[in-house]
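Descriptive structure summary
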Amino acid sequence: MASVVARQSGGNLPTIGVIWHLRLWKLLFFQSPFHYQIRGQGFRLEGGISVSPRIISVENTKGHISSAIINEFTKSENVELSGRFELENLNLDVNFLEKSADKAEGRLFWKGGEVNYTKGRRPLVIQFPAIEGLFSESEGSLGLVITDVSEGKVLSTVEIAPTGWAKLSVMKRVLALAGQMRPGKNEDKSLIEIQQKLF
């Protein structure tokens, strides 16, 4: 069985199409019975979904998202990225009764490129190196650690706790990579810390 759903999202975000397939025979082999695709202009995600009485599992999800979509959220900060982000082998188990992550693994990758931003009234363009983000789970929290590919140093961390609080930390190291400060002892200190209640 297959179904297609399309909707127009608000603002400047693109139309979203959803395609899903239910393959009951896969239950015999303990495989994900649902396969889905979510796609639109500038992005595509696909993978498997299985559901138990307590756990929703997202399995072997891969895809990409254009920086043009991300720029819709960063333009208020006068930051514009180029290229696209690749998602590889995301496996996520969510306990919806306890609102916690039971398992998380996968990789988010950006090959780097131009980043345009405004400092004061002066527009600047910098060449940013390749970065990757690795998903993980710890004590029910979903985590994402973003590092530069060449040296493996932490640039940013994201954590979503079972309490519904999300925390974003950005290290001063990003300024060194952007050529806005000299590498040194302060690289591991936080440049930005944001906490937001999600649910």
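By secondary structure assignment, the location of Glu-132 is in strand β11 (residues 131–138). A polar contact of 2.6 Å, which involves the side chain of Glu-132, links it to the side chain of Arg-107. What Glu-132 contacts, discounting residues up to four positions off in sequence, is Arg-107, Leu-108, Phe-109, Val-145, Ile-146, Thr-147 and Val-149.

This part is about the sheet that holds strand β10 (residues 122–128). With antiparallel pairing, three strands are arranged side by side in an open sheet as β6-β9-β10. What marks the edges here is a single partner per strand, and that holds for β6 (79–81) and β10. Neighbouring strand axes in the sheet, compared pairwise and without regard to direction, differ in orientation by 15° on average. With seven bridges joining them, strand β9 (residues 113–119) and β10 adopt antiparallel strand pairing. Its bridge partner lying in β10, Thr-118 is registered against Pro-123.

Next up on the list: the nonpolar core. Among the nonpolar cores identified, the biggest contains 18 residues, and Trp-110, Val-115, Ile-126, Phe-128 and Ile-131 are the most heavily contacted of them. Of all the elements in the fold, those that place two or more residues in this core are β7 (84–95), β9, β10, β11 and β12 (141–148). Those residues in contact with Val-115 that lie beyond four places of it in its chain are Val-79, Glu-80, Leu-81, Trp-110, Leu-124, Val-125, Ile-126 and Phe-128. Counting five residues, the second-largest nonpolar core is a separate cluster that includes Tyr-36, Leu-92, Ala-101 and Ala-104.

With the rule as written, the count across this model stands at two aromatic pairs. These aromatic residues form a ring-pair network of at least three members: Phe-85, Trp-110 and Phe-128.

Before going further, it helps to spend a moment on the confidence of the model for the protein chain. Looking at the protein chain, pLDDT values average 82 and 83% of them are 70 or higher. The spread of mean pLDDT over the elements of the protein chain runs between strand β1 (residues 2–7), the lowest at 46, and β11, the highest at 96. Segment residues 1–13 is flagged for pLDDT under 50; beyond a separation of four residues in sequence, or across chains, it makes 26 contacts in the model.

Rules behind the numbers
- Residues numbered from 1 in each chain as written.
- Predicted model: local features only at pLDDT ≥ 70, side-chain atom pairs only at ≥ 80, totals over all residues.
- Heavy atoms only, no water.
- Helix = DSSP H or I, 4+ residues; strand = E, 2+ residues; numbered from the N terminus.
- Polar contact = N/O pair within 3.5 Å; in protein donor to acceptor, adjacent residues only side chain to side chain.
- Contact = heavy atoms within 4.5 Å.
- Pairing = 2+ DSSP bridges.
- Axes fitted to C-alpha atoms, helices over the stretch in contact; angles between N-to-C directions.
- Core = buried A, V, L, I, M, F, W, Y, C linked by side-chain atoms within 4.5 Å.
- Buried < 20%, exposed > 50% of the residue type's maximum accessible area, 1.4 Å probe, protein only.
- Phe/Tyr/Trp six-rings, centres within 6.5 Å; stacked < 30°, edge-to-face > 60°.
- pLDDT = per-residue confidence, 0-100.

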